[in-house]
Protein chains: 2
Amino acid sequence: MGEFDLIARYFTRPTAKAVLGVGDDCALLQPAAGMQLAISSDMLVEGQHFFANVDPGALGHKALAVNLSDLAACGAKPLAFTLALALPRADEAWLAPFSRGLLALADAHGCELVGGDTTQGPLNICITVFGEVPQGQALLRSGAQEGDDLYVSGTLGDARLALETMRGTVVLPAALLEQAKSRLEQPTPRVALGQALRGVASAAIDVSDGLLGDLQHILRASGAGATIDASIAINLIAACAHTSWATGIISFEQQLEYVLAGGDDYELAFTAPVSARNAVLAASQQAQTPVTRIGSIEKEPGLRLVDTQGQALTRHFSSFDHFA
Amino acid sequence: MGEFDLIARYFTRPTAKAVLGVGDDCALLQPAAGMQLAISSDMLVEGQHFFANVDPGALGHKALAVNLSDLAACGAKPLAFTLALALPRADEAWLAPFSRGLLALADAHGCELVGGDTTQGPLNICITVFGEVPQGQALLRSGAQEGDDLYVSGTLGDARLALETMRGTVVLPAALLEQAKSRLEQPTPRVALGQALRGVASAAIDVSDGLLGDLQHILRASGAGATIDASIAINLIAACAHTSWATGIISFEQQLEYVLAGGDDYELAFTAPVSARNAVLAASQQAQTPVTRIGSIEKEPGLRLVDTQGQALTRHFSSFDHFA
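Residues numbered from 1 in each chain as written. Chains lettered and ligands numbered in written order. Predicted model: local features only at pLDDT ≥ 70, side-chain atom pairs only at ≥ 80, totals over all residues. Heavy atoms only, no water.

Structural notes on the overall build of chain A
Okay, step 1: The helix and strand tally for chain A stands at 11 helices and 12 strands.
Okay, step 2: Taking 2.2 N^0.38 as the reference for a compact globule, 324 residues should give roughly 20 Å; the C-alpha atoms of chain A span a radius of gyration of 20 Å, in line with that estimate.
Okay, step 3: Counting only C-alpha atoms, chain A reaches 65 × 50 × 35 Å along its principal axes.
Okay, step 4: Going through the 324 residues of chain A one by one, you find that 60% of them count as buried.
Okay, step 5: Of the contacts made within chain A by residues no fewer than 6 positions apart, 85% connect residues no fewer than 24 positions apart.
Okay, step 6: When the accessible surface of chain A is summed, it comes to about 12,200 Å², and 51% of that surface belongs to carbon and sulfur atoms. (Helix = DSSP H or I, 4+ residues; strand = E, 2+ residues; numbered from the N terminus. Rg over C-alpha atoms; globule rule 2.2 N^0.38 Å. Buried < 20%, exposed > 50% of the residue type's maximum accessible area, 1.4 Å probe, protein only. Contact = heavy atoms within 4.5 Å. Areas by Shrake-Rupley, 256 points an atom, 1.4 Å probe, with all protein chains shown as cover.)

So, in structure tokens, the structure goes:
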């Protein structure tokens, strides 16, 4: 199978929203009047973002999901994406499930594959995604204000639990591992919540490298600090990690680490004024995505963790850095 | 140097055209009213698109040039691009010249770096570029009509000559190799010509995989055929390849092969009605880019090569395919 056959068979589909899709030198998009185009690009590499033995269908899902998560963090509605793919060889047994997983998530979000590139090389998946957001309404990292509440969607920690199990530092029963792995390998981008938070949240980011590390980006961009109540944040713990703690597989400390610095969760962390608490609740209900208020934004720079008595927790949680 | 330091040091610059650049979950672009956004994505992999010992500055140039060439083929004006980069390690001795080469070409075309991703992994450069084109005016592969003239910009063959020398199948004097290498490693995207051809050309493509192979894409998309006069096409030969033939380093057959199936030239091949000959000439002069008329579009499918007497040349020239 040659390069052009491969593109034709697995990655060429009719487009409805795009003016022009796969098969020319460029794709053509025309955002509606008054809309801005939100753009994000993520590259997934074997050994860094996934294991060599990952299910190709799950990988197809994840490659797009991490990009949709960036659109969600900006409050943008998915429109289209390009896929650039380096493959060791044109292997149909890999390509068929990969494209199925990818396109199933794309269809679920009305996000069209409009172009890209394929080449031979070490496995590498680079997706660039396009969404639209009404002019001036994009959620940015820089909008957090002193006094704002700090929220996180969904639950955290199961992706890290699966990762640690696959690394061999934790031993999980098979059924529990399968469940945790689905959080690691097939994350759910919070696309509906991001859009519902337009005009409500003051700042937002997606939690990909660990909650505390990602929150630092909001704080730095906003020139602010925050205090998080760890006794509330611990309630963000995802189901498998909670079960693992309750059955003595992981310690309380590990559980806290997974919540605060787990990584690969793809939930949204966001801030909103106290006056918007009802609006946040309404957005959460509209998007059918739970959110938890875990702290507040303060003038004093830095991120502080406190216990129920307001005492500072001094433990260090490190975030993920590809080159650290 | 961590991932975020690396991005800050080498790839974060203020933006003028984009609403929002590097540093948030998404970049934001707003095409002007009546404009469509042309999008292209290319992935460059060591061993496939460049040698391990390539000058990093030249590689930075080429990574963007091949994408700008796609915009040129659509007649789009460059606006912005994203860069996703997998690097074996955060090596400043590589990153500094790479970013200089990349951003120098970006500046020359007013094309802003608005976002991207960096990760550890086998060297891989994926750029997605955005350009704007007035609604309905993009040059497509599908517009060639029976009777149209067939043109190629600039010259062809030096990139292939350099490649063959580096592969060891041809032996060139050092000075000639240096000159030919600049065509291979620092191609000139025909951005001005592409824009000048809007409303003039009926179809266009950039010549990246070899002239005959790329022309086939126009013919298939347009449901047409073409005849090329090889005795005219041979005049497209680039300076170093011509010198190499004139001094007996390569044969006439090799010269013809380099012109017709060389690859990596990044010239434009395009079609235009006979009635537009003066307009093509004006576009060529406006863009200060020579063009040569080498044949014409016909109803009968297929691509035919003839000599000065109109006799068919039956030799086979194969195009480049990453998986063939």
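Focus: the interface of chain B and chain A
Note on interface size: it is often stated as the accessible area lost on association of the parts.
Okay, step 1: Across the boundary between the two partners, chain B contributes 67 residues, which contact 67 residues of chain A.
Okay, step 2: At the surface where chain B touches chain A, the tally comes to 1 salt bridge.
Okay, step 3: Residues Asp25(A) and Arg141(B) are paired through a salt bridge, measuring 3.2 Å at the closest nitrogen-oxygen approach.
Okay, step 4: Where chain B packs against chain A, one counts 15 residue pairs in polar contact (both at pLDDT 80 or more).
Okay, step 5: Going through the elements one at a time, helix H1 (3-11), strand S1 (27-29), strand S2 (35-45), helix H2 (56-74), strand S3 (77-87), strand S4 (112-120), strand S5 (124-134) and strand S7 (203-207) of chain B are the ones with two or more residues in the side of chain B that touches chain A.
Okay, step 6: Counting residues per element, the side of chain B that touches chain A draws most heavily on S2(B), at 10 residues.
Okay, step 7: In the sheet, strand S2 (residues 35-45) of chain A pairs with S1(B) via 3 bridges, with the strands oriented antiparallel. (Salt bridge = Lys/Arg side-chain N within 4 Å of Asp/Glu carboxyl O. Polar contact = N/O pair within 3.5 Å; in protein donor to acceptor, adjacent residues only side chain to side chain. Pairing = 2+ DSSP bridges.)

Here we look at the sheet that holds S1(B)
Okay, step 1: Strand order in the open sheet formed by 5 strands is S4(A)-S3(A)-S5(A)-S2(A)-S1(B), with mixed pairing between adjacent strands. In the strand order of this sheet, the two ends are held by strand S4 (112-120) of chain A together with S1 of chain B, each with one partner. Direction aside, the axes of adjacent strands within the sheet are offset by 20° on average.
Okay, step 2: Pairing of strand S3 (residues 77-87) of chain A with strand S5 (residues 124-134) of chain A involves 9 bridges; the strand directions are antiparallel. When the bridges of S5(A) are listed, Leu85(A) appears paired with Ile125(A).
Okay, step 3: In the packing of helix H2 (residues 56-74) of chain A onto the sheet, contacts are made with S2, S3 and S5 of chain A, and the angle to S5(A) comes to roughly 30°.
Okay, step 4: Helix-sheet contacts for helix H3 (residues 92-108) of chain A involve S3, S4 and S5 of chain A, and the interaxial angle to S3(A) is about 165°. (Axes fitted to C-alpha atoms, helices over the stretch in contact; angles between N-to-C directions.)

Observations concerning the side chain of Glu267(B)
Residues and elements named next belong to chain B.
Okay, step 1: One can find Glu267 in strand S9 (residues 267-272).
Okay, step 2: Overall, the relative accessible area of 1% leaves Glu267 in the buried class.
Okay, step 3: Looking at Glu267, its side chain comes within polar contact range of the main-chain nitrogen of Thr155, at 3.3 Å.

Examining the relation of the copies chain B and chain A
Okay, step 1: Placing chain B over chain A gives an RMSD of 0.0 Å and needs a rotation angle of 180°, together with 0.0 Å of translation along the axis. Between the two chains, the operation in question is that of a two-fold axis.
Okay, step 2: Residue by residue, 100% of the interface of chain B is reproduced at the interface of chain A, so both copies engage with the same surface. (Least-squares fit on C-alpha atoms with pLDDT ≥ 70 in both.)

Digging into the confidence of the model for chain A
Okay, step 1: Looking at chain A, the pLDDT average stands at 91 and 97% of residues meet or exceed 70.
Okay, step 2: Here the predicted complex carries an ipTM of 0.88, next to a pTM of 0.91. (pLDDT = per-residue confidence, 0-100.)

Remarks on the packing of aromatic side chains
Residue and element names in this part refer to chain A.
Okay, step 1: Scanning all chains against the criterion turns up 7 aromatic pairs over all chains.
Okay, step 2: Each ring, one from Trp245 and one from Phe252, has its centre 6.1 Å from the other, and the planes form 70°; the classification is edge-to-face.
Okay, step 3: On the basis of relative accessible area, Phe252 is assigned to the partly exposed category, the value being 40%. (Phe/Tyr/Trp six-rings, centres within 6.5 Å; stacked < 30°, edge-to-face > 60°.)

Things to note about the sheet that holds strand S10 (residues 291-298) of chain A
All names here are of chain A.
Okay, step 1: One open sheet accounts for 7 strands, arranged S7-S9-S6-S10-S8-S11-S12; its pairing is mixed. The sheet is open, and its two borders are formed by strand S7 (203-207) and strand S12 (312-313), each paired with just one other strand.
Okay, step 2: Two elements, strand S6 (residues 149-153) and S10, share 5 bridges in a ladder whose sense is antiparallel. Note that in S10 the partner of Leu150 across the bridge is Gly295.
Okay, step 3: Lying over the sheet, H2 contacts S7 and strand S9 (267-272), oriented at roughly 165° with respect to S7.

Describing the packing of helix H9 (residues 239-246) of chain A against helix H10 (residues 252-261) of chain A
Residue and element names in this part refer to chain A.
Okay, step 1: Between H9 and H10, the least distance of the axes is 9 Å, while the angle of their chain directions is 170°. Judged by the angle between their axes, H9 and H10 are roughly antiparallel. When the axes of H9 and H10 are compared, the crossing they make is left-handed. Seen from H9, the contacting residues are Ala241, His242 and Trp245; seen from H10, they are Phe252, Gln255 and Tyr258.
Okay, step 2: Looking at the contact of H9 with H10 residue by residue, the classes come out as 4 nonpolar, 2 polar and no charged. (Parallel < 35°, antiparallel > 145°, perpendicular 65-115°, else oblique. Left-handed = near helix turned anticlockwise from the far one by under 90°. Nonpolar A, V, L, I, M, F, W, Y, C, P; charged D, E, K, R; others polar.)

Details of helix H5 (residues 174-185) of chain A
Residues and elements named next belong to chain A.
Okay, step 1: The first and last C-alpha atoms of H5 sit 16 Å apart over 12 residues, in line with the 16 Å expected at 1.5 Å per residue.
Okay, step 2: For H5, the set of buried residues is Leu176, Leu177, Ala180, Leu184 and Glu185. All buried residues of H5 lie within an arc of 150° about the axis, which places them on one face of the element.
Okay, step 3: Among the structural elements, H2, helix H4 (158-167) and H9 are those in contact with the buried residues of H5. (Expected span 1.5 Å × (residues − 1). Arc of directions from axis to C-beta.)

Focus on the environment of Pro78(A)
Residues and elements named next belong to chain A.
Okay, step 1: Position of Pro78 relative to the elements: it lies in strand S3.
Okay, step 2: Between the alpha carbons of Pro78 and Gly110 there is a distance of 6.8 Å; along the sequence they are 32 residues apart.
Okay, step 3: For Pro78, the residues in contact, after removing those within four places along its chain, are Lys17, Leu68, Leu71, His109, Gly110, Cys111, Phe130, Gly131, Val191 and Gln195.

Examining the environment of Ala80(A)
All names here are of chain A.
Okay, step 1: Relative to the helices and strands, Ala80 is located in strand S3.
Okay, step 2: For Ala80, a relative accessible area of 0% gives the class buried.
Okay, step 3: As for Ala80 and Cys111, which are separated by 31 residues in sequence, their C-alpha atoms are 4.5 Å apart.

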